[in-house]
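# Structure assessment
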Amino acid sequence: MFEKDRLEEIERKRKEWEEGTLRQSLERFGVTESPQKFYTPLDIENHDFLEAVGFPGEYPFTADVYPTAVPTLALMGAAPTELVRAGMYSGYGTAEDTRDYYNYMRSIGRPGGPNIAFDLPTQCGYDSDHPTARGEGGKVGVAVDTLRDMEVIYEAFVGDNDLDKIASNFTINAPCNVILTMYFALAEKRGIPPDRLRGTPQNDILKEFVAHGTYIFPPKPSMRMVRDTITYCTEHAPLMNTISICGYHMREAGATGPQAVAFTFANAIAYAQLAMDAGLDADTFLPRFTFLSFGGSMEFFEEIALQRAARRMWAKIAKERLGAKNPRCWILRQAAAGHIGEVSKTVQRPLNNFIRAVIGGVASSLSGGGPFTGFPYDEPLGLGHSLEGWQLNIDAMRVLMHEAKLCEVADPLAGSYYVESLTDQMEQEAWKELEKIDALGGAVAAIERGYMQQEITKSAYRFQQEVERREKVVVGVNRFTGEHELEVTTTRLVEHPYDPVKRAQAEEKQIANLDRVKRERDNEKVNACLMHLEEAARDEKVNLIPIILEAVKEYTSLGEICGVLRDVFGEYQAYEAL
């Protein structure tokens, strides 16, 4: 902080500069306003380092959630660690196709547990043989109908890579508990107790209503399912994260940075309240809450400031609002910091996406997340990514870390007049949005009224208008598109890891697999399990996970389980809210 007389002197000098040096320069170039801004201590007059920034790994965690970069460097293979992590988001076709993919990736030096992408029928609670699922089986992820499919996928993970030695991530929400119980059942068959399992189910159903759309049940019974996950795992699988709360999808749908932060934290508060209403203390479950970033734009400094503001906000929310006493509860647990979202990548001139990814990697490094470059440049071109694209991204991270040495200093922009001012601005905007949601009665009430959905739609519309009016430049899309511009590509050296022939054949093969399971299982036991589930689902107080677990052990299908729950809970219709 500066003394009052010193601030007055700076203000006087700034006016002299604006009226003298700056004005003369503008007149010389024939413009009336500078395209640049210049920040001074006047922009952060009341800045208190200890209160606003602090030290890495300490409240308010503005600088970083970790005191050292070892956890981040470990992801890059640049530091020794005992951390167990899942690999990159992946999965397609049948369970056999995805198993073979994981075996192949390990053979070329890509370790880590599975981070499973599921196809749309699975995400929406339909079996592969359901009429609604036709044409979508195995397309945007792997089809999982029964425990048999999980058994096949995990044939790639045995021995030194068995379930108690890896972490598994499941990017699924509405039917999350069905997939989770399949994992528990598989572990049981291998003699591994649930308290030795690690991983993260996404399980963020509120985000589905807001931005992503793979919901099944209305908000209240959907929240019951999340409650069941949190309470069951806290007792029986304490090493499993219970949720990955996603600002990323909201950002991809069009939300601004402050909106994504506010809406994400509103959802997180709702989930935390669920657990506390069920009798859990915040210190017992909050350490297992994770966050899937807040997406990102190409606004470099804004993304850095947004991450710093978000860490500070969550620390305050967890400590002051949720009453957590354990500092571990106060940290915003996420795999990356500031970076560009995939929505910033373009089909036009796709190799430019690599440039965008590198810029995102720099932003991530400068905001507490290591040189995370996101997905490869060919992300917009179809499911999966070429190995050439991955090679470029991995090498970019290596260059940023080892050659540019961006990971040697934590929060290097701390104290910047501009970045500190922008961090305060991002936080203030996010608090305002969160206060609006609180005034509506919280996240669930705001979603039921359509508030978050409408605000994101408005932001997306404004963004698109700016692009179409060329107020927001997207290189190769709305500017620099002349006939002499070149379409630069890379050489394809190896086959795409997702076999297009297998993907085309996946649906029929999966239906045949499911038909065989249904013929060979004990259908009397399956029917008994479904009747028990229906009865239990009608009692809101009952945790359904043990009942679903017994059902999946009998090879009851995901679609059958979700079908019973549809009959009891009903289905959510988006137009009812809007």
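Cis geometry is adopted by the peptide bond preceding Pro60, which originates at Tyr59 and carries an omega value of 10 degrees. In this structure, Pro60 sits in the loop between helix 2 (49-52) and helix 3 (70-75). Of note in the backbone geometry, Arg349 takes a positive phi value of approximately 45 degrees without being a glycine. Inspection of the secondary structure puts Arg349 in the loop between helix 13 (300-321) and helix 14 (352-365). Positive phi outside glycine occurs at Phe480, with the angle close to 60 degrees. Note on placement: Phe480 falls in the loop between helix 18 (451-468) and helix 19 (500-520). A residue is classified by how much of its surface remains accessible, and Phe480, at 39% relative accessible area, is partly exposed.

Attention now goes to the pairing of strand 3 (residues 167-171). Counting buried residues in strand 3 gives five out of five residues, a clear majority hidden from the surface. Taking every second residue as pointing to the same face, both faces of strand 3 are buried, with Ala167, Asn169 and Thr171 on one and Ser168 and Phe170 on the other. Pairing of strand 3 with strand 4 (residues 198-201) involves four bridges; the strand directions are parallel. Its bridge partner lying in strand 4, Ser168 is registered against Gly199. Handedness of the strand 3-helix 7 (residues 176-189)-strand 4 crossover: right-handed.

Right, let's talk about the packing of aromatic side chains for a bit. Per the stated rule, a full pass over the model turns up 25 aromatic pairs. An angle of 35 degrees between the planes, with centres 5.4 Å apart, marks the rings of Phe265 and Trp314 as tilted. Placement of the pair is Phe265 in helix 11 (residues 257-277) and Trp314 in helix 13, with a sequence separation of 49 residues. The residues Phe265 and Trp314 share a single accessibility class, namely buried.

It is worth spelling out empty space enclosed by the protein at this point. Inspection of every chain in the model, using the stated rule, returns two cavities of 30 Å³ or more. In this structure, the largest cavity encloses a volume near 50 Å³. For the largest cavity, the full set of lining residues is Asn173, Ala174, Asn203, Ile205, Phe217, Ser222, Met225 and Val226. Top element by residues in the lining of the largest cavity is helix 9 (residues 219-236). It accounts for three residues. Per-class residue counts for the lining of the largest cavity are five nonpolar, three polar and no charged. In this structure, the second largest cavity occupies an estimated 30 Å³ of space. Together, Ser297, Met298, Glu299, Phe300, Glu303, His339, Ile340, Ile359, Gly360 and Ala363 line the second largest cavity.

Assignment of secondary structure puts Glu420 in helix 16 (residues 417-440). Sequence-distant contacts of Glu420, defined by excluding residues within four places in its chain, comprise Ile44, His47, Val53, Arg308, Ala414 and Gly415. Among the polar contacts listed, one links the side chain of Glu420 to the side chain of Arg308, at a separation of 3.0 Å.

Our next topic: the packing of helix 11 against helix 18. For the pair helix 11 and helix 18, interaxial distance at closest approach is 11 Å and the crossing angle is 165 degrees. It follows from the interaxial angle that helix 11 and helix 18 lie roughly antiparallel. Every pair of crossing elements has a handedness; the one defined by helix 11 and helix 18 is left-handed. Within the contact between the two elements, helix 11 uses Gln259, Phe263, Ala266 and Asn267 and helix 18 uses Tyr451, Met452, Glu455, Ile456 and Ser459. Split by residue class, the contact of helix 11 with helix 18 holds five nonpolar, three polar and one charged.

Quantified by volume, the second largest pocket comes out at close to 1,100 Å³. Ser297, Met298, Ser344, Phe463 and Lys472 are the residues nearest the centre of the second largest pocket, which is lined by 38 residues in total. Among the secondary structure elements, those contributing two or more residues to the lining of the second largest pocket are helix 10 (248-253), helix 11, helix 13, helix 14, helix 16 and helix 18. With six residues, helix 18 is the single largest residue contributor to the lining of the second largest pocket.

Inspection of the entire model under this criterion finds 39 salt bridges. Between Glu155 and Arg99 there is a salt bridge whose closest N-O contact spans 2.8 Å. In this pair, Glu155 sits in the loop between helix 6 (147-153) and strand 3 while Arg99 sits in helix 4 (residues 95-107), placing the two residues 56 residues apart along the sequence. Judged by its relative accessible area of 42%, Glu155 is partly exposed. For Lys207, the salt bridge goes to Glu208, with nearest N and O atoms at 2.4 Å. The burial state of Lys207 is the same as that of Glu208; both residues are buried. Among the charged side chains, a network of salt bridges with common partners joins Arg99, Asp100, Glu155 and Lys502.

Let us look at the environment of Val474. Within the secondary structure, Val474 sits in the loop between helix 18 and helix 19. Taking the C-alpha atoms as reference points, Val474 and Thr346, separated by 128 residues in sequence, lie 8.7 Å from one another. What Val474 contacts, discounting residues up to four positions off in sequence, is Thr346, Arg356, Val467 and Arg479.

Rules and cut-offs
- Residues numbered from 1 in each chain as written.
- Predicted model: local features only at pLDDT ≥ 70, side-chain atom pairs only at ≥ 80, totals over all residues.
- Heavy atoms only, no water.
- Helix = DSSP H or I, 4+ residues; strand = E, 2+ residues; numbered from the N terminus.
- Buried < 20%, exposed > 50% of the residue type's maximum accessible area, 1.4 Å probe, protein only.
- Pairing = 2+ DSSP bridges.
- Right-handed = clockwise from strand over helix to strand, strands pointing away.
- Phe/Tyr/Trp six-rings, centres within 6.5 Å; stacked < 30°, edge-to-face > 60°.
- 1 Å grid on protein atoms, 1.4 Å probe; cavity = no way out; pocket = protein on both sides within 12 Å on 5 of 7 lines; lining within 4 Å.
- Points joined across faces, edges and corners; volume = space filled by probe spheres on them.
- Nonpolar A, V, L, I, M, F, W, Y, C, P; charged D, E, K, R; others polar.
- Contact = heavy atoms within 4.5 Å.
- Polar contact = N/O pair within 3.5 Å; in protein donor to acceptor, adjacent residues only side chain to side chain.
- Axes fitted to C-alpha atoms, helices over the stretch in contact; angles between N-to-C directions.
- Parallel < 35°, antiparallel > 145°, perpendicular 65-115°, else oblique.
- Left-handed = near helix turned anticlockwise from the far one by under 90°.
- Salt bridge = Lys/Arg side-chain N within 4 Å of Asp/Glu carboxyl O.

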